[in-house]
Amino acid sequence: MTEKIKLPKDDVVFKNLFSSKENKDLIKELLEAILERKINTIEVNKEVETSIMHVEEKYGRIDLQAIINKETIVIIEMQKEDRGDIDKRAIYYAGKVIGSSLERGEAYREMKEVVVICILNYEMTGRKEYITEGVIVENKYRKYIVIDGVKYYFIELPKYRKEVKEPRNKLEEWLAFIDYERKEVLEMAVKNNELVKKAKFTYEYLTGDEAQKRLQYLREKAERDEAAAKYYGIEIGKRETAIEMLKNNINRQLIIKCTGLSEKELDKIAEAM
């Protein structure tokens, strides 16, 4: 059953709320609170497509992506339900972004840092803390970071609700808003933080009667897009493979053999290129 009112942790609401130019100050403070670093510049891009994923879900779409201080790419993924794959998704999204962050001819040292933030409406880890920061460390000396340049944050809202009775810092104020489950905690956050107050006002406007119809349309469109992507995913995969092979001047008969495309289909792809 579709929810009557979408909460800020709904991915459609979250994207529309935090990705607009007018609300850059909101996403800026939220990211500063999570990452514990000063942000001087921020560029936000919503609905970043990552193309083919895996057999069950062939179409990937990052909820929100931002570039901060011109040197770090931040991915934010919202998940209301446990699909059992958020760890794999996080790794996949980071890999796709890393792979596309370098222009042809650029050195590896030019690669931007990548941070993946997953806000979850369910419990994922066995840890007591509601926020987990992950990096790649050496197995024996866990404090020694082997690869610096990729970070993962997992924020578990149910644990946040258990632990935080009143917001103690900006992160907990923002989580009170995103979670939107406890009125008294949210009101404390609104009282203490002007930007959270602005976010709540914007959210209420965004989810008004007419806007709610628009949000419902966006939700249904997203579901239709995902269903279509699952249906056409195999053909999309074949097309992308063929394009890459054509770019690398692979023998046409080998391309046909590997992809299962017909000669006519391959001709159409080559013409489109």
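These remarks concern the structure in this document. Everything numeric here is computed off the predicted structure, so don't read it as measured data.

## Digging into the pattern of salt bridges
Inference 1: Applying the stated criterion to the full structure yields 20 salt bridges.
Inference 2: Glutamate 129 serves as the salt-bridge partner of arginine 127, at 3.3 Å between the closest nitrogen and oxygen.
Inference 3: A salt bridge links glutamate 187 to lysine 200; the shortest N-O distance between them is 4.0 Å. Of this pair, glutamate 187 sits in helix α6 (residues 183-192) while lysine 200 sits in helix α7 (residues 194-206); the two residues are 13 residues apart in sequence, bridging distant segments of the chain.
Inference 4: Residues joined by salt bridges that share partners form a network here, namely Lys9, Arg161, Asp179 and Glu181.

## Points about the packing of helix α5 (residues 170-179) against α7
Inference 1: With their axes 10 Å apart at the nearest point, α5 and α7 run at an angle of 10° to one another. As the angle between them shows, α5 and α7 are arranged roughly parallel. For the pair α5 and α7, contact is made by Glu173, Trp174 and Phe177 and by Leu195, Val196, Ala199, Lys200 and Tyr203, respectively.

## A look at the pairing of strand β3 (residues 72-79)
Inference 1: The element β3 is extensively covered by neighbouring structure, given that eight of its eight residues are classed as buried.
Inference 2: Side chains Thr72, Val74, Ile76 and Met78 of β3 all project onto a buried face; the interleaved residues Ile73, Ile75, Glu77 and Gln79 project onto the opposite face, where all are buried too.
Inference 3: Across eight bridges, β3 lies against strand β4 (residues 113-120) in parallel orientation. Bridge assignment links isoleucine 76 to a residue of β4, and that residue is isoleucine 117.

## Quick notes on unusual backbone geometry
Inference 1: You will see that glutamate 36, though not glycine, has its phi angle at about 55°, which is positive.
Inference 2: Examined against the element boundaries, glutamate 36 turns out to sit in the loop between α2 (24-35) and β1 (42-51).
Inference 3: Positive phi, close to 60°, is recorded for lysine 70, a residue that is not glycine.
Inference 4: Along the chain, lysine 70 turns up in the loop between β2 (60-68) and β3.

## Concerning the environment of phenylalanine 18
Inference 1: Structurally, the position occupied by phenylalanine 18 is in helix α1 (residues 11-18).
Inference 2: Note: C-alpha distance between phenylalanine 18 and valine 44 (26 residues apart in sequence) is 8.6 Å.
Inference 3: Each residue touching phenylalanine 18, except ones within four places of it in the same chain, is listed here: Asn23, Leu26, Ile27, Leu30, Val44, Leu64, Trp174 and Phe177.

## A word on the packing of aromatic side chains
Inference 1: Throughout the structure, instances matching the rule amount to eight aromatic pairs.
Inference 2: The interplanar angle of 80° and the centroid separation of 5.5 Å between the aromatic rings of tyrosine 130 and tyrosine 160 together place this pair among those described as edge-to-face. Taken as a pair, tyrosine 130 in the loop between β4 and β5 (131-137) and tyrosine 160 in helix α4 (residues 157-163) lie far apart in primary sequence, 30 residues in all.

About the thresholds
Residues numbered from 1 in each chain as written. Predicted model: local features only at pLDDT ≥ 70, side-chain atom pairs only at ≥ 80, totals over all residues. Heavy atoms only, no water. Salt bridge = Lys/Arg side-chain N within 4 Å of Asp/Glu carboxyl O. Helix = DSSP H or I, 4+ residues; strand = E, 2+ residues; numbered from the N terminus. Axes fitted to C-alpha atoms, helices over the stretch in contact; angles between N-to-C directions. Parallel < 35°, antiparallel > 145°, perpendicular 65-115°, else oblique. Contact = heavy atoms within 4.5 Å. Buried < 20%, exposed > 50% of the residue type's maximum accessible area, 1.4 Å probe, protein only. Pairing = 2+ DSSP bridges. Phe/Tyr/Trp six-rings, centres within 6.5 Å; stacked < 30°, edge-to-face > 60°.

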